[in-house]
Amino acid sequence: YLYALGPHHPLLSMHLVSFADLYMETKLFAHAKVMLMLAQTASKKSLGTDHILNTLYDYKLAMIHMAEGFYNASSALLSSALLVLDAAKKSPSSGITDVDV
């Protein structure tokens, strides 16, 4: 993938998140956190910081922080994710409605 698509392609992010999900299922939170942070970096570089896909990564990172007992870090991630979702909900081109969120 890296050779054909480049290091910041959204497809790479999706694969990294899949690995993170597997790590989270087995409670290997440190490994999951690394995968999510790599996915988030690649996604933000290719899609921009306010893309709705990044809210998924923020949410998953927040869940890991909660499992580890870092509630302040979790709260900050969830707050930023909600801001992006609210902005997307207000944009008619996003296709997001109150029912979706």
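Every value quoted in this text rests on a predicted model; they were computed, and no experiment measured them.

Visitor: How should I be thinking about helix 3 (residues 29-47) in this particular structure?
Guide: Given 3.6 residues per helical turn, the α-helix brings residues three or four places apart onto the same face. For helix 3, which comprises 19 residues, the first-to-last C-alpha distance of 26 Å matches the rise-based estimate of 27 Å (1.5 Å per residue) to within 8%. Buried within helix 3 are the following residues: A32, K33, M35, L36, A39, Q40, A42 and S43. Note on helix 3: the residue one or two positions beyond its end, G48, has a positive phi of about 95°.

Visitor: Please clarify how unusual backbone geometry should be interpreted in this entry.
Guide: If a residue is not glycine, its phi is most likely negative; likewise, a peptide bond is most likely trans. Positive phi, normally seen in glycine, also occurs at K27, with a value near 65°. As for its position among the elements, K27 is in the loop between helix 2 (10-25) and helix 3. Residue K27 is classed as exposed on the basis of its relative accessible area of 61%.

Visitor: Explain the pattern of salt bridges to me, please; I cannot follow it from the model alone.
Guide: Once the charged atoms of two side chains with opposite charge are near each other, the side chains can pair. Summed over all chains, the structure comprises two salt bridges. When the shortest N-O distance is used, the salt bridge between D21 and K60 registers 2.5 Å. One end of the pair, D21, is in helix 2; the other, K60, is in helix 4 (residues 52-68), with 39 residues separating them in the sequence. Residue classification places K60 among the buried residues on the basis of a relative accessible area of 15%. Ionic pairing is found between E68 and K33, a salt bridge with its closest N-O pair at 2.8 Å. With a gap of 35 residues between them, E68 in helix 4 and K33 in helix 3 connect regions that are remote in the sequence. Of the residues examined, E68 reaches a relative accessible area of 29% and is grouped as partly exposed.

Quick notes on the rules
- Residues numbered from 1 in each chain as written.
- Predicted model: local features only at pLDDT ≥ 70, side-chain atom pairs only at ≥ 80, totals over all residues.
- Heavy atoms only, no water.
- Helix = DSSP H or I, 4+ residues; strand = E, 2+ residues; numbered from the N terminus.
- Expected span 1.5 Å × (residues − 1).
- Buried < 20%, exposed > 50% of the residue type's maximum accessible area, 1.4 Å probe, protein only.
- Salt bridge = Lys/Arg side-chain N within 4 Å of Asp/Glu carboxyl O.

What is shown is where atoms sit, not what they do.
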